[in-house]
There are 2 protein chains.
Amino acid sequence: MNNGQIQTGKGKEVILMSTIDRRKMILAAATQSFAQFGYKATTMELVAKIANVGKGTTYTFFRTKEELFDEILRKALQEMKEVCERAIKREDTFDQNLIRVLDALLEFRADHELFVKLAQEVRDIGTVQALEGIKRLENLVLEYMRQEIEAAIEKGEIKPCDSRVISFMLLKFYIALTTEWSQTHEPLNKEQIKQYMQLLLSEGLLAKPN
Amino acid sequence: MNNGQIQTGKGKEVILMSTIDRRKMILAAATQSFAQFGYKATTMELVAKIANVGKGTTYTFFRTKEELFDEILRKALQEMKEVCERAIKREDTFDQNLIRVLDALLEFRADHELFVKLAQEVRDIGTVQALEGIKRLENLVLEYMRQEIEAAIEKGEIKPCDSRVISFMLLKFYIALTTEWSQTHEPLNKEQIKQYMQLLLSEGLLAKPN
DNA sequence: ATAATGACCAAATGAACAATACGGTCAATT
DNA sequence: AATTGACCGTATTGTTCATTTGGTCATTAT
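For clarity, every value in this text was computed on a predicted model and none was experimentally measured.

Draft legend 1. Quick peek at the overall build of chain A. Counting secondary structure elements, chain A contains 9 helices and 2 strands. The order of α-helices and β-strands along chain A, N terminus first, is β-β-α-α-α-α-α-α-α-α-α. Residue pairs in contact within chain A that sit at least 24 positions apart in sequence constitute 57% of those at least 6 positions apart. In the form shown here, chain A has an accessible surface area of approximately 12000 Å², with 52% of it arising from carbon and sulfur atoms.

Draft legend 2. Fine view of the relation of the copies chain B and chain A. Note on the identical chains: chain B maps onto chain A by a rotation of 175° and an axial translation of 1.1 Å, with an RMSD of 2.0 Å. Put plainly, the chains are arranged around a two-fold axis. Measuring from the rotation axis to each C-alpha of chain B, the shortest distance belongs to glutamate 203 of chain B, at 1.0 Å.

Draft legend 3. Main features of the protein's contact with DNA strand C. Around DNA strand C, a shell composed of 16 residues is seen, among which Met44, Lys55 and Lys65 of chain A together with Arg22 and Thr57 of chain B lie nearest. Of all atoms in DNA strand C that approach within 4 Å of the protein, 63% are sugar or phosphate atoms. At 3.5 Å from a base nitrogen of DNA strand C is found a main-chain nitrogen or oxygen belonging to glycine 56 of chain B. For the surface near DNA strand C, the leading source of residues is helix α3 (residues 55-61) of chain B, giving 3 residues.

Draft legend 4. Looking closely at the interface of chain B and chain A. Counting residues at the interface gives 31 residues for chain B, matched by 33 residues for chain A. Across the chain B to chain A interface the summed buried area is about 3300 Å²; carbon plus sulfur atoms make up 73%. In terms of surface lost to chain A, no three residues of chain B exceed Lys159, Met169 and Leu206 of chain B, which account for 22% of the buried area on that side. Of the charged contacts in the structure, one is a salt bridge between lysine 159 of chain A and glutamate 203 of chain B, with a shortest N-O distance of 2.8 Å. Our enumeration of links across chain B and chain A arrives at 13 residue pairs in polar contact (both at pLDDT 80 or more). Taken together, the elements giving at least two residues each to the side of chain B that touches chain A come down to α8 (163-180) and α9 (190-202) of chain B. Per-element tally for the side of chain B that touches chain A: the top contributor is α8 of chain B, with 11 residues. Split by residue class, the side of chain B that touches chain A holds 19 nonpolar, 4 polar and 8 charged.

Draft legend 5. The arrangement of unusual backbone geometry in detail. All names here are of chain A. One non-glycine residue with positive phi stands out, namely asparagine 52, at about 60°. Assignment of secondary structure puts asparagine 52 in the loop between α2 (44-50) and α3 (55-61). Look at asparagine 52 and you get exposed, because its relative accessible area is 66%.

Draft legend 6. Expanded view of the environment of alanine 35 of chain B. Residues and elements named next belong to chain B. Here alanine 35 shows up in helix α1 (residues 19-37). As a C-alpha pair, alanine 35 and glutamate 113 span 78 residues in sequence and 5.3 Å in three-dimensional space. With sequence-adjacent residues up to four places away left out, alanine 35 is seen in contact with Glu113, Leu114 and Lys117.

Draft legend 7. Spatial organisation of the nonpolar core. Ranked by size, the top nonpolar core spans 129 residues in total, and within it Leu68 and Phe173 of chain A together with Leu68, Leu170, Phe173, Met197 and Leu205 of chain B carry the most contacts. For phenylalanine 173 of chain B, the residues in contact, after removing those within four places along its chain, are Met169 and Phe173 of chain A together with Tyr196, Met197, Leu200 and Leu205 of chain B.

Draft legend 8. The packing of aromatic side chains, seen in detail. Taken as a whole and judged by the stated rule, the model has 9 aromatic pairs over all chains. A ring pair is formed by tyrosine 39 of chain B and phenylalanine 69 of chain B, whose centres lie 4.9 Å apart and whose planes are at 70°; its orientation type is edge-to-face. Taken together, the residues tyrosine 39 of chain B in the loop between α1 and α2 (44-50) and phenylalanine 69 of chain B in helix α4 (residues 65-87) connect sequence positions 30 residues apart. Under the relative-accessibility criterion, tyrosine 39 of chain B is labelled buried at 5%. You can call phenylalanine 69 of chain B buried: its relative accessible area is 5%. When the ring centre of tyrosine 39 of chain A is taken as reference, the NZ or CZ atom of lysine 65 of chain A above it lies at 4.3 Å.

Draft legend 9. Geometry of the pattern of salt bridges. Residue and element names in this part refer to chain A. Scanning all chains against the criterion turns up 27 salt bridges over all chains. For aspartate 92, the salt bridge identified is with arginine 100, shortest N-O distance 3.3 Å. Of the residues examined, arginine 100 reaches a relative accessible area of 24% and is grouped as partly exposed. Each of Asp70, Arg74 and Arg136 takes part in salt bridges that share partners, so that together they form one network.

Draft legend 10. Spatial organisation of the protein's contact with DNA strand D. Close contacts around DNA strand D come from 14 residues, with Arg22 and Thr57 of chain A together with Met44, Lys55 and Lys65 of chain B the closest. The contact atoms of DNA strand D, taken as those within 4 Å of the protein, divide so that sugar and phosphate hold 67%. Methionine 44 of chain B is positioned such that a nitrogen or oxygen atom in its backbone is 2.8 Å from a phosphate oxygen of DNA strand D. Note that a base oxygen of DNA strand D is positioned 2.2 Å from one of the side-chain N or O atoms of lysine 55 of chain B. Looking at the surface near DNA strand D, the elements with two or more residues in it are α3 of chain A together with α3 of chain B.

Draft legend 11. Geometry of the packing of helix α4 (residues 65-87) of chain A against helix α5 (residues 94-107) of chain A. Residues and elements named next belong to chain A. Packing of α4 against α5 leaves a shortest axis separation of 8 Å and a crossing angle of 140°. Comparing the axis directions of α4 and α5 gives the class oblique. With respect to the hand of their crossing, α4 and α5 are arranged in right-handed fashion. Of the residues in α5, those in contact with Met80, Val83, Cys84 and Ala87 of α4 are Asn97, Arg100, Val101, Ala104 and Leu105.

Draft legend 12. Quick peek at the confidence of the model for chain A. Residue and element names in this part refer to chain A. The predicted model of chain A has a mean per-residue pLDDT of 89, with 90% of residues at 70 or higher. Per-element confidence in chain A is highest for α2, whose mean pLDDT is 97, and lowest for strand β1 (residues 6-9), whose mean pLDDT is 35. Overall, residues 1-15 carries pLDDT values under 50, and its contacts beyond four positions in sequence, including any with other chains, amount to 16 contacts. Predicted complex, confidence summary: ipTM 0.88, pTM 0.89.

Here is what the cut-offs are and how they apply
Residues numbered from 1 in each chain as written. Chains lettered and ligands numbered in written order. Predicted model: local features only at pLDDT ≥ 70, side-chain atom pairs only at ≥ 80, totals over all residues. Heavy atoms only, no water. Helix = DSSP H or I, 4+ residues; strand = E, 2+ residues; numbered from the N terminus. Contact = heavy atoms within 4.5 Å. Areas by Shrake-Rupley, 256 points an atom, 1.4 Å probe, with all protein chains shown as cover. Least-squares fit on C-alpha atoms with pLDDT ≥ 70 in both. Near = heavy atom within 4 Å. Polar contact = N/O pair within 3.5 Å; in protein donor to acceptor, adjacent residues only side chain to side chain. Buried area = accessible area lost by both parts, 1.4 Å probe. Salt bridge = Lys/Arg side-chain N within 4 Å of Asp/Glu carboxyl O. Nonpolar A, V, L, I, M, F, W, Y, C, P; charged D, E, K, R; others polar. Buried < 20%, exposed > 50% of the residue type's maximum accessible area, 1.4 Å probe, protein only. Core = buried A, V, L, I, M, F, W, Y, C linked by side-chain atoms within 4.5 Å. Phe/Tyr/Trp six-rings, centres within 6.5 Å; stacked < 30°, edge-to-face > 60°. Lys NZ or Arg CZ within 6 Å of the ring centre and 35° of its normal. Axes fitted to C-alpha atoms, helices over the stretch in contact; angles between N-to-C directions. Parallel < 35°, antiparallel > 145°, perpendicular 65-115°, else oblique. Left-handed = near helix turned anticlockwise from the far one by under 90°. pLDDT = per-residue confidence, 0-100.

And the structure:
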């Protein structure tokens, strides 16, 4: 391999990238393009152009467009999971952890944009691969939340309940507050989103008689 | 006018409808057709045929197809509002009333194919008039809920909050429980739905023990 | 005279076809 | 051995044109 070598060709100095760097370039280009244009509008030729490689080169690293998409999706999902795990402090209360995870996710814009774009693509033109991606995200989130809720029940922090239903509803709330509300109204800011989440999840709407 | 007269023409007995009856016939025909075929697939010629009138006649009562649709929509929305109002018992608590209203709405929707059909049309082909109709339905429901929430805040039954956001979230929650959950899981029964609703209102979804 | 009607018109729609763009391959090139 | 862009078959998009549809109005029926 010619990793990092500098060679002279036809009077021009050319810096050859290592195959590893090339792979990274392609991944970065595709990541950007998928997040910006969605699955369908991202063409392999465009990815190659952004990455400054020939179209054929992308196919030496990724057998198909779907495989390339899959790797990017995996990375994004992995990253999100890590963000969640970093936000959780085992010694803290469930409530506090929940808010911190929420906060971390709201703050973590990078991967968010990919998923927002994919969700939009599903609504607008119903691309199957975009739908696939959204479903994988939802399943991951649901399963993660379900486990956390189960653990909290075990520890006696919250009342016993069907953790599948509750995690499902939690996700619906999050989506409603962060994206659905914005489609017909002024978007809510992070602080408001957190407040409403807390109100609906751990306080209830009914006024308590003091 | 020839209201209700019976006349003899060319050996055949012909019953002439009054103009008022004709209007009703057209309205009934259109109501049936919109509910059965949706906005787009309902043609003015079909409406005329079902109503047993010439196409031109429909235009003596309704200036355009949209105007005809609008009158039918108005009627249906009005009917729905009355269903809501009948569901509310002033002496009862907010949460009991809320559940009764939402239940009544769900039932109303199930019996009135028009809205189901329009929702499907929006999903399938995105007809703008069908979307318009669905939006008017949603806005009516949201506004109705919003007023009830405002009143409940006034009475001190629930905590002060932005009634627009809360009505939005309550409706989302109800839809998630009744229809979205069923798309991937066993449907929840009425009792379960009521319990989750009460949990959300009184303690929050993630209630603490005791 | 008035109400009703269907032939008629322009605009919208959709089917059929042509042109383009795309994912993926591979012989030529470096 | 790695890279590349011309190339291929197919999927998508643009275009054309016949049909349909919302809406009008001269004619008909009463």
